[in-house]
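What follows is each chain in one-letter form.
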Amino acid sequence: MLTPHDRPLLAGGLIVVALLATGAPVAAADPPLVAVYGDIVHTMAGPPIEKGVVLIEGGKVTLVGSALDIPVPPAARAVRGRVVTPGLIDAHSAVGLTGYLNQEQDQDQLDSGEPIQPELRAIDSYNPRERLIEWVRGFGITTIHTGHAPGALVSGQTMVVKTVGDSVDDGVLVPAAMVAVTLGDDARPGDAKKSPGTRSKAVAMLRGELVKTQDYLRKLDSDDAEKRPDRDLRREVFADVLRGTLPLLVTANRATDIDAALRIAKEFGIRIVLDSAAEGYLVADRIKEAGVPVIVHPSMRRGGAGETENISFETAATLRAKGIRVALQSGFEGYVPKTRVALFEAAIAAANGLTAEQALATITADAAAILGVADRVGSLRPGMDGDVAVFDGDPFEYATHCTAVVIDGRIVSEEPR
Amino acid sequence: MNAFRIEAAGPRAPCGLQARTITARRMANSVLMIAILAAPAAAQERPVAFTNAEILPISGPPIAAGTLVVVGGRIAAIGPATTTAVPVDADTIDCTGKVIMPGLVDTHSHVGGGWGGDASSPIQPDVRILDSINVRDSGFRKARAGGLTTLNIMPGSGHLLAGQTIYAKLRAASTIDDFFIRDAKGTPLGGMKMANGTNPQKEPPFPGTRSKSAALVRQKFLKAQDYRRKADAAKGDPAKLPDRDLEMEGLLDVLDGRVVVHHHCHRADDILTVLRLREEFGFKVVLHHVSEAWKVADQLAKAGAACSVIVVDAPGGKIEAMDLSLATGAVLEKAGVPCAIHTDDPVTDSRLFLRTAGLAVRAGMSRARALEALTLAGARMLELDARIGSLDVGKDADLVVLSGDPLSVQTKVLQTWVEGVKVFDRDDPDDRLFAVGGFGAGRDQRAHACCTDGRLAETESK
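Residues numbered from 1 in each chain as written. Chains lettered and ligands numbered in written order. Predicted model: local features only at pLDDT ≥ 70, side-chain atom pairs only at ≥ 80, totals over all residues. Heavy atoms only, no water.

## Points about the pairing of strand β10 (residues 248-252) of chain A
Here is the key point about a regular strand: its side chains alternate between the two faces of the sheet.
Residues and elements named next belong to chain A.
Now for step 1: Summarising burial for β10: five of the five residues are buried, a large majority.
Now for step 2: On β10, burial covers both faces: Leu-248, Val-250 and Ala-252 on one face and Leu-249 and Thr-251 on the other are all buried.
Now for step 3: In the sheet, strand β9 (residues 179-182) pairs with β10 via four bridges, with the strands oriented parallel. Counted as the bridge partner of Val-181 is Val-250 from β10.
Now for step 4: The sheet contact formed by β10 and strand β11 (residues 272-276) spans five bridges and is parallel. Looking at β11, one finds that Ala-252 is bridged to Ser-276.
Now for step 5: Traced from β10 through helix α6 (residues 255-268) to β11, the parallel crossover comes out right-handed. (Buried < 20%, exposed > 50% of the residue type's maximum accessible area, 1.4 Å probe, protein only. Helix = DSSP H or I, 4+ residues; strand = E, 2+ residues; numbered from the N terminus. Pairing = 2+ DSSP bridges. Right-handed = clockwise from strand over helix to strand, strands pointing away.)

Structure below.
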């Protein structure tokens, strides 16, 4: 099996020279022609295909259909399995920033120095060699939305990245995807003397930033160059939020906090995506009315005391039944296990109110739509990235294995997991 | 939704569940008051027969269409429907299409908000977790919803020895006494929690290294051996007996083999350190978590050491768990090491205990051994296998009724029974709340009280 890691050793210098000559990235040696066969192929772009095949050429899906109808060139590398799905998408994670050892040197998901730091970019911390990336990829996760974690009012930016590559540039799809905002208890810093100390204070601080940025934008538009403001990283990020090009990812669990998030979105006319939403089922009508999608907490997230005490296995199903677009996530874990696996979280949702196809959508097509990458990943149709997960049975069953993972037309894992 | 048919001895009652409750109340209100006062409030009053179920006894092969009869809180009969008689006065529950297995045994749980030792010292064998457990904690209702019937409730791993654990039966409870499993003398049974590796390491008087950890433990056990010698030398003469010492008494329970040590350990060398101490002091031990047991499986097999494994979704979270593997159960099975699985709730959710066995199978463990790891293997490690862990005549009627294959994600725990009494029913909306979560599922459950039915009528808004 050729993996991205051993390819350069085998390929030698000639291919590298050829790639440089064509201007392609060095790591991106031409992906082989791959034909992925499945007893069932879930394309997520139409009904499942029995005895289907997905043909991937040059890293992109070129043909999808019945294996009886599609002419597969003899040179194609064949990958076979019982069930084939699009490469899975983890709609919210901190993997790559929060390392698996959980030691100071591998924890970059949160800077607690200040409560509001939208200028912190995920791409500057992401470690593509982090072991947990390989771990989740082994279960079919080919794309993750990762970055700064909940825990500060505005903790920083997130990014969308493929689970391959030796540098962030190799895998990144969206370098600045959203700005991570936390409302509720997790927005409070450890030091009781520091703000925000209450929910109202947190909302006031966030509104204050957005109001300041409105002023900044007005000055930026000034005809008089003298009156234009100096560059300011924080303002520039919030300016994109106000322009509607960068959504806020608002982590909120209590219904109170979800309402606050919707209130802010309405006041400033900005795009938000709700994250976690443990009590989302209490305010589902208002979420629906606002047209806001929800990346629901991991199905198996622990409740315990505190603002997730009312958490439910059925929230994804409840919100979806209201017509709200939902995705699932691995979330952020501060201890053992250091990450969850989005596939497993969708499995629990599939046993708690979602159909299998709906649950699969939470980690494929609907996740892609919420992340704004539905033109690249999340479904299998011609023109899409050649990202595929292959299973030896129902992907949601505990004892099923992910037997092959293909990203951009390259087989990156064939170890059953 | 209720696919069960509960039949009274006479004409069939479609809503038999309710009918039975009313009958029970009537009986309680009249002739049985004396008996009720003498016995635990929730004791089984009539025989119950589960019929037409696929039964997984664990101690033997599955029974395709089986009957299980419960009398007086114990299993009175189990076998194929064709050869197993149902008593005429039994409530009959038709379990066609359902699966029955023993109530799940969790060898390592932290449900109930209990704490063991405090920050005063790293070794506190005098401290009992039974003195701090809230039996109304919602976690117990969630545990019943997961099919758990017996828990080893433990203090944490922040001490070398954090205190005495308690083996709890998840009966309906208003005090911790209702959870106790007692020996012949009436003493509540439990174990002793110990830990090594990084969790107990902190500022003095706690240890700063692994060697210091072992030295502190050894010194304390040597002291207990001295105490034992003085007690023996007194030859029963009260004047010569050493003064009572709760710490020493706790350690003597361990040294004399009355109590099993439940030892938190992750790294391979920490696992072997526990075996070294066991060799020196001769205590009984179950090794818990054992992230790196797969590295020393042969030594564990040779030592005949029992392991209770945690199954989590990823390695890491702490350096000691960096090489944690989903295949640990499979490797231990192959090596012939006794292996149970535990929740470590809240690290994993009791409601998803079956799932952890499913993941162990995913990584290569056999189905039979994985199901045993949730039941009989754990019962053996708690030395309770004469009473629980499998479905055999004479054992406690602790069982779970499932909607299907125990290792399928789609399977639901429908009912949980402890000693012939139903303690969880997914069809009861109040129970269902704790099974799936939702508003109020994090709150403590209502009290089981004699006079108020656990609620104050004036404030009950339902």
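## Here's the deal with helix α3 (residues 138-145) of chain B
All names here are of chain B.
Now for step 1: The buried fraction of α3 is high, at eight of eight residues.
Now for step 2: For α3, the elements touching its buried residues are β8 (148-153), β17 (413-418), β18 (421-425) and α12 (429-436).
Now for step 3: Immediately beyond the C-terminal end of α3, within one or two residues, lies Gly-147, with a positive phi of roughly 90°. (Contact = heavy atoms within 4.5 Å.)

## Section: the packing of helix α9 (residues 342-350) of chain A against helix α9 (residues 353-362) of chain B
Now for step 1: It is at 14 Å that the axes of α9 of chain A and α9 of chain B come closest, and there the two elements cross at 130°. As the angle between them shows, α9 of chain A and α9 of chain B are arranged oblique. Once α9 of chain A is placed against α9 of chain B, the crossing between them reads as right-handed. Residues Leu-343, Phe-344 and Ile-348 of chain A of α9 of chain A lie in contact with α9 of chain B, whose contacting residues are Arg-355, Leu-359 and Arg-362 of chain B.
Now for step 2: In terms of residue class, the contact of α9 of chain A with α9 of chain B is built from four nonpolar, no polar and two charged. (Axes fitted to C-alpha atoms, helices over the stretch in contact; angles between N-to-C directions. Parallel < 35°, antiparallel > 145°, perpendicular 65-115°, else oblique. Left-handed = near helix turned anticlockwise from the far one by under 90°. Nonpolar A, V, L, I, M, F, W, Y, C, P; charged D, E, K, R; others polar.)

## Section: a negative patch on the surface
Now for step 1: Taken together, Asp-221, Asp-223, Asp-224 and Glu-226 of chain A make up a surface patch of like negative charges.
Now for step 2: Among the structural elements, Asp-224 of chain A can be located in the loop between α4 (199-220) and α5 (233-243). (Patch = residues over 30% accessible without salt bridge, like charges linked within 9 Å, V, L, I, M, F, W, Y side chains within 5 Å. Areas by Shrake-Rupley, 256 points an atom, 1.4 Å probe, with all protein chains shown as cover. Salt bridge = Lys/Arg side-chain N within 4 Å of Asp/Glu carboxyl O. Lys, Arg positive; Asp, Glu negative; His and termini not counted. Charge placed at Lys NZ, Arg CZ, Asp CG, Glu CD.)

## Topic: the pattern of salt bridges
Now for step 1: Per the stated rule, a full pass over the model turns up 66 salt bridges over all chains.
Now for step 2: As a salt-bridge pair, Arg-77 of chain A and Glu-414 of chain A come within 3.0 Å of each other at their nearest N and O atoms. Here the residue Arg-77 of chain A occupies a position in strand β4 (residues 77-86), and Glu-414 of chain A occupies one in the segment after β16 (410-413), the gap between them amounting to 337 residues.
Now for step 3: Of the residues examined, Arg-77 of chain A reaches a relative accessible area of 34% and is grouped as partly exposed.
Now for step 4: Note that Glu-320 of chain B is salt-bridged to Arg-210 of chain B, the shortest N-O span being 3.2 Å.

## Some details on empty space enclosed by the protein
Now for step 1: Applying the stated criterion to the full structure yields seven cavities of 30 Å³ or more.
Now for step 2: Counted as a void, the largest cavity has a volume near 280 Å³.
Now for step 3: Its residues placed into classes, the lining of the largest cavity shows 11 nonpolar, four polar and four charged.
Now for step 4: Counted as a void, the second largest cavity has a volume near 150 Å³.
Now for step 5: If you go around the second largest cavity, you meet 14 residues; those closest to its centre are Arg-340 of chain A together with Val-347, Thr-348, Asp-349 and Arg-355 of chain B.
Now for step 6: Considering only residue class, the lining of the second largest cavity consists of seven nonpolar, two polar and five charged. (1 Å grid on protein atoms, 1.4 Å probe; cavity = no way out; pocket = protein on both sides within 12 Å on 5 of 7 lines; lining within 4 Å. Points joined across faces, edges and corners; volume = space filled by probe spheres on them.)

## What to know about the packing of aromatic side chains
Now for step 1: Evaluation of the coordinates by the stated rule reveals six aromatic pairs over all chains.
Now for step 2: Judged by centre distance (5.1 Å) and plane angle (65°), the ring pair of Phe-139 of chain A and Phe-344 of chain A falls under edge-to-face. Taken together, the residues Phe-139 of chain A in the loop between α2 (131-137) and β6 (141-147) and Phe-344 of chain A in helix α9 connect sequence positions 205 residues apart. An identical accessibility class is assigned to Phe-139 of chain A and Phe-344 of chain A; each is buried.
Now for step 3: Summarising the aromatic geometry, the rings of Phe-221 of chain B and Phe-283 of chain B are spaced 5.4 Å apart at their centres and angled 25° between planes, so their arrangement reads as stacked. Residue Phe-221 of chain B is found in helix α4 (residues 210-233), and its partner Phe-283 of chain B is found in the loop between α6 (268-281) and β13 (285-289); the two are separated by 62 residues along the sequence.
Now for step 4: Assessed through its relative accessible area of 2%, Phe-221 of chain B is described here as buried.
Now for step 5: Take Phe-283 of chain B: its relative accessible area is 3%, and that puts it in the buried class.
Now for step 6: Of the aromatic side chains, those joined through ring pairs into one cluster are Trp-135, Phe-139 and Phe-344 of chain A.
Now for step 7: Over the ring of Phe-139 of chain A we find Arg-417 of chain A, and its NZ or CZ is 5.7 Å from the ring centre. (Phe/Tyr/Trp six-rings, centres within 6.5 Å; stacked < 30°, edge-to-face > 60°. Lys NZ or Arg CZ within 6 Å of the ring centre and 35° of its normal.)

## Description of the interface of chain A and chain B
Now for step 1: On the chain B side, the residues contacting the 41 residues of chain A number 37 residues.
Now for step 2: Summed over both sides, the interface of chain A with chain B buries roughly 3500 Å², with 56% coming from carbon and sulfur.
Now for step 3: Interface area lost by chain A to chain B is led by Phe-313, Val-336 and Tyr-398 of chain A, which between them contribute 21%.
Now for step 4: Across the chain A-chain B interface, the total number found is three salt bridges.
Now for step 5: For Arg-443 of chain B, the salt bridge is made with Glu-309 of chain A, and the minimal N-O distance between the two is 3.6 Å. (Buried area = accessible area lost by both parts, 1.4 Å probe.)

## Some words on the side chain of Thr-400 of chain A
Now for step 1: Summarising the element assignment, Thr-400 of chain A is placed in the loop between β14 (388-391) and β15 (402-407).
Now for step 2: Relative accessible area serves as the criterion here: at 6%, Thr-400 of chain A is assigned to the buried category.
Now for step 3: A distance of 2.7 Å separates a polar side-chain atom of Thr-400 of chain A from the backbone oxygen of Asp-394 of chain A.
Now for step 4: If sequence neighbours within four positions are ignored, Thr-400 of chain A has contacts with Phe-391, Asp-392, Gly-393, Asp-394, Pro-395 and Arg-417 of chain A together with Arg-362 of chain B. (Polar contact = N/O pair within 3.5 Å; in protein donor to acceptor, adjacent residues only side chain to side chain.)

## A short note on the confidence of the model for chain B
All names here are of chain B.
Now for step 1: Taken as a whole, chain B shows an average pLDDT of 90; of its residues, 87% reach a score of 70 or greater.
Now for step 2: Averaged over each element, pLDDT in chain B is lowest for helix α1 (residues 16-29) (35) and highest for strand β6 (residues 99-102) (99).
Now for step 3: Below a pLDDT of 50 lies the segment residues 448-462, which in the model reaches 13 contacts outside its immediate sequence neighbourhood of four places, other chains included.
Now for step 4: At the level of chain-chain contacts, confidence expressed as ipTM amounts to 0.92, with global pTM at 0.91. (pLDDT = per-residue confidence, 0-100.)

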